[in-house]
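# An overview of the molecular structure
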Amino acid sequence: MLLRVASCSPKTSLLLLSHFCKSSNSLLEHSKCFSYLRQRHTSSLKTKINARNQPKSPISMERKARHFSSDSAEALLRKKSTDLSNRMSKKARRESPDMVLRVKLDQCSKNGDLAEALRLYEEAKANGVELNQHHYNVLLYLCSLNPEEGGENLERFDKGFEIFKQMGADNVAPNEATFTNISRLAASKEDPELAFSLVKKMKNHGNAPKLRSYGPALFGFCKKGMADKAYEVDSHMLESGVAAEEAELSALLRVSSEAEREGKVYEMMHRLRAAVRQVSEETAAVVEEWFSSRKAAEVGARKWDVESVKRGVLEGGGGWHGQGWLGKGEWRVVRTRMNEAGVCQSCGEKLVCIDIDPQETENFAKSLAKLAAEKEVKSNFAQFQEWLQRHGPFDAVVDGANLGLANQRTFNFGQIKRVVHQLRQMSPSKKLPLVVLHQARVRRGPAQQPNNKKLLESWKNAGTLYATPQGSNDDWYWLYAAVSSRCLLVTNDEMRDHLFNLLGNSFFPRWKEKHQVRLKYTTEDGLTLHMPPPYSIVIQESERGQWHIPTVTGDDLEAPRQWICTTRARPDA
């Protein structure tokens, strides 16, 4: 307050002091302070005035001149002009006829509104708007949709081919999406031959076909029962490095069964085994139809080389021999389940556990680390790898977040503690499992409770707790730890989201099946561990010619998984 008073004129200052001071002593005391502050204020003011009046140093003058030079002013004007030009350019681009058309066509695509899209197309042609690849692809996509049967569909298909022809006339280069859409149009007109010829032309335009590109031709030939043409499409896919999935393999299995091509049926069964493992109900129905057919009862060897079959099983890694159909006679086809030991409850056959090649595991761990380093902060994941080398390997890894929230509304450290104790008792070395938790879980909320704090500290001191850094995805950490340690992974995460899709469909499901420990909650026993099965949940072909096909119905956790058991009613060996 005195400092503010000191900055006023002398007369005003005395008036203000007398007003605020209630006694003469107070006035005297404040007057002394006031005099001192006024002297400081006056001195400071003189210094500032003198500094302003001092001639500037050459360096200072040069710096100021450089900063406010005409060149800088021109650069500033140019920058403002460029920014304004960019804004105007963007606005002009947004309001250009082709961009307006694009936005409107995208809305038609979202709503499935072909009629409005065709109206916009005709209007654009009449107004001389130049259509690009995106415009044409949206129009072709809408024409390829098949919402109902009847004459309207034929009109839309014809319109689609007309638009495709116009695209060529306008010299607009087609891409993979273009060919896929026009192939769908061909298949909808029940012309799979045209659809296939379009796929073949894709390479001439520098477009690599995708799985969806082959669908119209493959499914079209299969629907018409044209087995040989379907196999031709399948061969073209293999040559192009495109792998068939369940829908395509199921269609090939069906057309092979209907054509009574037992060799191809046998091939498709094994391709399903390698690519799909557990089949959908739609595919299961196709499998059951084949084994129940007259042709299936007729095919097969009455006698076979037992040693050759055993050698085939050994070379294949177990679970199949690849020597063809064994035995003759009608098949007994039933739905059944396996007991905990993997024994079929229908025929008594014991399923095998198919080993994973250690080199495959090592390669998978390397690819996982590479992918994680790309998705995470590289230094963070590298630190985790170093930490794991110092403290690992482990006999089990726990997805702490998943376990702490299992069947709980709030995070439960006691639940993690009980499972950690169970895993330690199961471990041959009696070593604590690694618990992976996000940093926030070990610093805030329930982690601050005294008992939980003490528990976390004990895990940390034992080198069995890793807190993933802020902003990281802890999935990468617990998965890499389990794969690199070749140990069990405790989590109920089904690992089906986009992150795990990056890992591919071949090795990962096999690894997960043999290493994932799931959690089951019951009112009687609470939370219990559901260990990996001692057998492989995959299509298996026995040395005696029996087949067991797992379906996706049931998961052995909430309900028993359904299997198709096929055995010869009168086996000949």
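Note that the structure is predicted; figures quoted are calculated from it, not measured.

What follows covers the packing of aromatic side chains. One pass over the full model with this rule turns up 22 aromatic pairs. Between the aromatic rings of Phe364 and Phe507, the centroid separation amounts to 4.9 Å while the plane-to-plane angle is 45°, which identifies the pairing as tilted. One end of the pair, Phe364, is in helix α19 (residues 358-375); the other, Phe507, is in helix α27 (residues 507-515), and 143 residues separate them in sequence. Just as Phe364 is buried, Phe507 falls in that class too. Note on Phe384 and Trp387: the rings are 6.5 Å apart at their centroids and 15° apart in plane angle, and the pair reads as stacked. Pair noted here: Phe384 and Trp387 are both in helix α20 (residues 378-391), with a separation of three residues, about one helical turn.

For Ser144, the position within the fold is in helix α8 (residues 133-144). The class for Ser144 is buried, based on a relative accessible area of 8%. Other than its neighbours up to four places away in sequence, Ser144 contacts Asn181, Arg184, Leu185 and Ser188.

Before going further, it helps to spend a moment on unusual backbone geometry. The omega torsion of the bond from Gly392 to Pro393 falls at -5°, within 30 degrees of zero and hence cis. Locating Pro393 in the fold gives a position in the loop between α20 and β2 (396-399). Within the chain, Asp556 stands out as a residue other than glycine whose phi angle is a positive 65°. Position of Asp556 relative to the elements: it lies in the loop between β9 (547-550) and β10 (563-568).

Turning our attention to the sheet that holds strand β8 (residues 540-541). Taken in spatial order, the four strands line up as β1-β10-β9-β8 in an open sheet, and their pairing is antiparallel. Every other strand in the sheet has two partners, leaving β1 (331-336) and β8 as the edge strands with one partner each. Both β8 and β9 contribute to a ladder of two bridges, which runs antiparallel. Paired with Glu541 across the strands is Trp547, a residue of β9. Along the sheet, helix α15 (residues 262-275) contacts β8 and β9; its crossing angle with β9, the most-contacted strand, is approximately 45°. Contacts from helix α16 (residues 281-291) reach β1, β9 and β10 within the one sheet, and its direction differs from that of β1 by about 155°.

Moving on: the environment of Cys347. With respect to the secondary-structure elements, Cys347 resides in the loop between β1 and α19. Note: C-alpha distance between Cys347 and Arg332 (15 residues apart in sequence) is 9.9 Å. Among residues more than four places away in sequence, those in contact with Cys347 are Gln546, His548, Cys565 and Thr567.

Once that is clear, we can look at the pattern of salt bridges. If you walk through the whole model with that rule in mind, you get 26 salt bridges. Between Arg335 and Glu288 there is a salt bridge whose closest N-O contact spans 2.8 Å. Of this pair, Arg335 sits in strand β1 while Glu288 sits in helix α16, and the two are 47 residues apart along the sequence. When its relative accessible area of 21% is taken as the criterion, Glu288 is described as partly exposed. One salt bridge in this structure joins Lys366 and Glu362, with 3.6 Å as the shortest N-O distance. In this pair, Lys366 and Glu362 both sit in helix α19, four residues apart, roughly one turn of the helix. Taken together, the shared-partner salt bridges connect Glu122, Lys125, Lys159 and Glu162 into one network.

With that settled, the discussion passes to the side chain of Ser485. Positionally, Ser485 belongs in helix α25 (residues 474-485). Engagement of the side chain of Ser485 in a polar contact is seen with the backbone nitrogen of Phe394, the distance being 3.4 Å. Ignoring anything within four residues of it in the chain, the contact list for Ser485 reads Pro393 and Phe394.

Turning our eyes to something else, we now look at the pairing of β9. Burial along β9 is two-sided: the residues Trp547 and Ile549 and His548 and Pro550 are all buried. As consecutive antiparallel partners, β8 and β9 are separated by five residues, and within that stretch Gly545 has a phi angle of approximately 95°, a positive value. Here β9 pairs with β10 via four bridges, running antiparallel. Bridge pairing in β10 places Ile549 opposite Ile564.

Rules used throughout
- Residues numbered from 1 in each chain as written.
- Predicted model: local features only at pLDDT ≥ 70, side-chain atom pairs only at ≥ 80, totals over all residues.
- Heavy atoms only, no water.
- Phe/Tyr/Trp six-rings, centres within 6.5 Å; stacked < 30°, edge-to-face > 60°.
- Helix = DSSP H or I, 4+ residues; strand = E, 2+ residues; numbered from the N terminus.
- Buried < 20%, exposed > 50% of the residue type's maximum accessible area, 1.4 Å probe, protein only.
- Contact = heavy atoms within 4.5 Å.
- Pairing = 2+ DSSP bridges.
- Axes fitted to C-alpha atoms, helices over the stretch in contact; angles between N-to-C directions.
- Salt bridge = Lys/Arg side-chain N within 4 Å of Asp/Glu carboxyl O.
- Polar contact = N/O pair within 3.5 Å; in protein donor to acceptor, adjacent residues only side chain to side chain.

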